[in-house]
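Chain by chain, the residues:
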Amino acid sequence: MLDALRTWSPRRWWAAAAAAVATALVVALPTAMIPNPVFGREIPTTWWAWPTLALTAVLGGLLVATYVREPGSAPLSSDGLDRRGTVGGLLSFFAVGCPVCNKLALIALGYTGALQWFAPVQPLLAVGGVVLLAWALRSRLRGQLSCPVMPAPDSTGAAESVSA
């Protein structure tokens, strides 16, 4: 995996940094981990929510950067987003949120049920989310090494060749 990261251009690293910041904000603002006037939180943020947020942001940023096309490379296949990464991000989002502020948990379990049943499951959601994000990133990086992107064809439709 580290070999694939070493081949990244500054463009991909900037994309990873921007996506990591965006991921952190998209998760932390609606869950009120970062206090804001729009969203509130009835239950304080747990100690493990902060490392979960950090890992989710870093892994999510790196994962998004694997979809960035390098200049001069052929168009990437349209295999779509890795579902593991998407599910991992959602699990992390639900894991760090306030258990009684989650409308789905509140409707399904009620206030007391959300505290008794959903809150104890949140650390497991956090682990599952981070594992899925790491798995998706590993798959994308391994694919990058085993199946490198070829240069884009020239105007005649043939790839540039190097003559000796």
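Residues numbered from 1 in each chain as written. Predicted model: local features only at pLDDT ≥ 70, side-chain atom pairs only at ≥ 80, totals over all residues. Heavy atoms only, no water.

1. Thoughts on the overall build of the protein chain
Here is step 1: Across its full length, the protein chain carries five helices and zero strands.
Here is step 2: Ordered by position from N to C terminus, the α and β elements of the protein chain give α-α-α-α-α.
Here is step 3: Residues counted as buried form 35% of the 164 residues belonging to the protein chain.
Here is step 4: Taking all contacts inside the protein chain whose residues are at least 6 apart in sequence as the whole, residues at least 24 apart take part in 76%.
Here is step 5: Of the roughly 10,000 Å² that the protein chain leaves accessible, carbon and sulfur atoms contribute 70%. (Helix = DSSP H or I, 4+ residues; strand = E, 2+ residues; numbered from the N terminus. Buried < 20%, exposed > 50% of the residue type's maximum accessible area, 1.4 Å probe, protein only. Contact = heavy atoms within 4.5 Å. Areas by Shrake-Rupley, 256 points an atom, 1.4 Å probe, with all protein chains shown as cover.)

2. Observations concerning the nonpolar core
Here is step 1: Formed by 15 residues in total, the largest nonpolar core has its most connected members in Met33, Trp48, Ala49, Leu53, Ala95 and Val96.
Here is step 2: When neighbours within four sequence positions are excluded, Ala95 is seen to be in contact with Trp48, Gln122, Leu125 and Ala126.
Here is step 3: If you look at the next biggest cluster of nonpolar residues, it comprises 13 residues, including Trp8, Leu59, Ala65 and Ala136. (Core = buried A, V, L, I, M, F, W, Y, C linked by side-chain atoms within 4.5 Å.)

3. Looking at the confidence of the model for the protein chain
Here is step 1: For the protein chain, mean pLDDT is 85; residues scoring 70 or higher make up 82% of the total.
Here is step 2: Here helix 1 (residues 2-6) stands out as the least confident element of the protein chain, with mean pLDDT 85; helix 3 (residues 49-65) is the most confident, with 97. (pLDDT = per-residue confidence, 0-100.)

4. What about the environment of Leu55?
Here is step 1: Relative to the assigned elements, Leu55 resides in helix 3.
Here is step 2: The partly exposed category is assigned to Leu55, whose relative accessible area is 45%.
Here is step 3: For the pair Leu55 and Ala20, spaced 35 residues apart in sequence, the C-alpha to C-alpha distance is 9.5 Å.
Here is step 4: Once you skip the residues sitting within four places of it in the chain, Leu55 turns out to touch Gly60 and Val130.

5. Regarding the packing of aromatic side chains
When we look at a pair of aromatic rings, we describe it by the centre distance and by the angle of the planes.
Here is step 1: Throughout the structure, instances matching the rule amount to two aromatic pairs.
Here is step 2: On the basis of an interplanar angle of 55° and a centroid distance of 5.0 Å, the ring pair of Trp8 and Trp13 is categorised as tilted.
Here is step 3: Each ring, one from Phe93 and one from Phe94, has its centre 5.7 Å from the other, and the planes form 70°; the classification is edge-to-face.
Here is step 4: Residue classification places Phe93 among the partly exposed positions, given a relative accessible area of 25%.
Here is step 5: The cationic tip of Arg84 hangs over the ring face of Trp135; the distance from NZ or CZ to the ring centre is 4.6 Å.
Here is step 6: The ring of Tyr67 carries the charged tip of Arg140 above its face, separated from the ring centre by 3.7 Å. (Phe/Tyr/Trp six-rings, centres within 6.5 Å; stacked < 30°, edge-to-face > 60°. Lys NZ or Arg CZ within 6 Å of the ring centre and 35° of its normal.)

6. Some points on unusual backbone geometry
Here is step 1: Notably, Ala32 is not glycine yet its phi reads approximately 60°, a positive angle.
Here is step 2: With respect to the secondary-structure elements, Ala32 resides in the loop between helix 2 (10-28) and helix 3.

7. Some remarks on helix 5 (residues 103-146)
Here is step 1: Between its first and last C-alpha, helix 5 extends only 43 Å over 44 residues, short of the 64 Å set by a 1.5 Å rise per residue.
Here is step 2: At Leu109, helix 5 shows its largest bend, some 110°. (Expected span 1.5 Å × (residues − 1). Bend = angle between axes of the 7 residues up to and from the residue.)

8. Remarks on the packing of helix 4 (residues 83-96) against helix 5
Here is step 1: Orientation of helix 4 relative to helix 5, taken along the N-to-C sense of each, is 140°, at an axis distance of 6 Å. Between helix 4 and helix 5, the interaxial angle falls into the category oblique. Handedness of the helix 4/helix 5 crossing: left-handed.
Here is step 2: Taken together, the residues of the contact of helix 4 with helix 5 sort by class into 13 nonpolar, eight polar and one charged. (Axes fitted to C-alpha atoms, helices over the stretch in contact; angles between N-to-C directions. Parallel < 35°, antiparallel > 145°, perpendicular 65-115°, else oblique. Left-handed = near helix turned anticlockwise from the far one by under 90°. Nonpolar A, V, L, I, M, F, W, Y, C, P; charged D, E, K, R; others polar.)

9. Thoughts on the packing of helix 2 against helix 3
Here is step 1: With their axes 7 Å apart at the nearest point, helix 2 and helix 3 run at an angle of 140° to one another. Accordingly, the angle class assigned to the pair helix 2 and helix 3 is oblique. Our pair here, helix 2 against helix 3, has a crossing hand that is right-handed. Residue-level contacts link Arg12, Trp13, Ala15, Ala16, Ala19, Ala20, Thr23, Ala24, Val27 and Ala28 of helix 2 to Leu53, Thr56, Ala57, Val58, Gly61, Leu62, Val64 and Ala65 of helix 3.
Here is step 2: Of the residues belonging to the contact of helix 2 with helix 3, the class tally is 14 nonpolar, three polar and one charged.

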